[in-house]
Amino acid sequence: MVILWRTLKCLLLSVLFWFLPSTGEENPLKPVALASFPGSGNTWLRYLLQQVTGILTGSVYSDYDLMMTSFPAEGVHNSSVLVVKTHEHGPLVWGQFRRAVLLVRDPQGAILAEFNRQNAGHLGIASEDLFYEKSWEEFVRNKLISWTDFHLDWTRNFLQPIEIVFYEDLVSDLRGSLVRILRFLQWPVDDKNLDCAIKRRRGNYKRRQLPFDPFTKSMKDRIDETRNNTFKELKRMERVRKIYFTLFRFL
């Protein structure tokens, strides 16, 4: 009976998000950003965090499709929600948040996911013929530059605590990644809720895979170089930021 109830509770928590609470009344503290480059898995991570905490997540956007499915607090960007989704960066954005979870995905996966979203919605895949047009090559080139700028700007210039989370770590070590995020959010870790989130990790946010590889060798070479250089700088900035905030606590 206990096992049956836990299973039912887990199932209900994963689908009845309209009945989840926010954290309560808006408080004077600024909210926490869930920042990511488009196509990096922000929606999936929001879904997981709602399952593991039972608290709604917000967004600086108002995506009607998301609002009508699992994210009734879509469009809410204050401290009444657990985290606030944003794909933006710059001083006007950073001033809205007291800390940030920065979700980073390999640029090849992120660029492809964003191209599919723009052409086929949140779960669809773009028509194959689109990948043979010149616009696809231009999309890859432009988005690769934007991908680098976005991540380096957040890590170098957002002068509040950041927790860098790699999408690939979420995939390979979901439990460990969620525990780390919860501790950063100063939220209690509940093993039963973790088990629930892991059991229903996929939800409805898994896009079908393309039946072919749309990236040419020259695209891959450019992506590999950019990824390696950017990841190296992110790791360096992560170390620098840890030293800075450790020293800051004693000043």
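Not measured: the values here are computed from a predicted model. (Residues numbered from 1 in each chain as written. Predicted model: local features only at pLDDT ≥ 70, side-chain atom pairs only at ≥ 80, totals over all residues. Heavy atoms only, no water.)

### Some details on the overall build of the protein
So, point 1. Each helix and strand in the protein was counted, giving 10 helices and 5 strands.
So, point 2. Put simply, of all contacts in the protein between residues at least 6 apart along the chain, 80% involve residues at least 24 apart.
So, point 3. As displayed, the protein has an accessible area near 13400 Å², and 56% of this comes from carbon and sulfur atoms. (Helix = DSSP H or I, 4+ residues; strand = E, 2+ residues; numbered from the N terminus. Contact = heavy atoms within 4.5 Å. Areas by Shrake-Rupley, 256 points an atom, 1.4 Å probe, with all protein chains shown as cover.)

### Some points on the side chain of S79
So, point 1. Positionally, S79 belongs in the loop between α3 (64–67) and β3 (84–86).
So, point 2. A polar contact is formed between the side chain of S79 and the backbone oxygen of L29, at a distance of 3.2 Å. (Polar contact = N/O pair within 3.5 Å; in protein donor to acceptor, adjacent residues only side chain to side chain.)

### Observations regarding the pairing of strand β5 (residues 162–166)
So, point 1. Among the 5 residues of β5, 5 are classified as buried, and the element is accordingly described as predominantly covered.
So, point 2. Residues I162, I164 and F166 of β5 are buried on one face, and the alternating residues E163 and V165, pointing to the opposite face, are buried as well.
So, point 3. Across 5 bridges, strand β4 (residues 99–104) lies against β5 in parallel orientation. Looking at β5, one finds that L103 is bridged to V165. (Buried < 20%, exposed > 50% of the residue type's maximum accessible area, 1.4 Å probe, protein only. Pairing = 2+ DSSP bridges.)

### Some points on the nonpolar core
So, point 1. If you look at the biggest cluster of nonpolar residues, it comprises 27 residues, and the most contacted ones within it are L45, L49, L178 and L185.
So, point 2. Of all the elements in the fold, those that place two or more residues in this core are β1 (32–36), α2 (42–53), β4, α7 (167–172), α8 (174–184) and α9 (191–199).
So, point 3. With near-sequence residues (within four places) excluded, L178 lies in contact with L45, L48, L49, L194 and A197.
So, point 4. With 24 residues, the next largest nonpolar core counts A33, L56, F158 and F166 among its residues. (Core = buried A, V, L, I, M, F, W, Y, C linked by side-chain atoms within 4.5 Å.)

### Re the packing of aromatic side chains
So, point 1. Applying the stated criterion to the full structure yields 16 aromatic pairs.
So, point 2. Judged by centre distance (5.0 Å) and plane angle (70°), the rings of F115 and F139 are edge-to-face. Of this pair, F115 sits in helix α5 (residues 107–120) while F139 sits in helix α6 (residues 134–157), and the two are 24 residues apart along the sequence. A single burial state applies to F115 and to F139, both of which are buried.
So, point 3. Site record: aromatic cluster; members linked through ring pairs are F115, F131, Y132, W136, F139, F212 and F215. (Phe/Tyr/Trp six-rings, centres within 6.5 Å; stacked < 30°, edge-to-face > 60°.)

### Things to note about the pairing of β4
So, point 1. In terms of burial, β4 is a largely internal element, 6 of the 6 residues being buried.
So, point 2. Residues of β4 alternate between two faces, with R99, V101 and L103 on one and A100, L102 and V104 on the opposite face, all of them buried.
So, point 3. The sheet contact formed by β1 and β4 spans 5 bridges and is parallel. Following the sheet pairing, S36 is matched in β4 by L103.

Nothing here speaks to function; it is all geometry.
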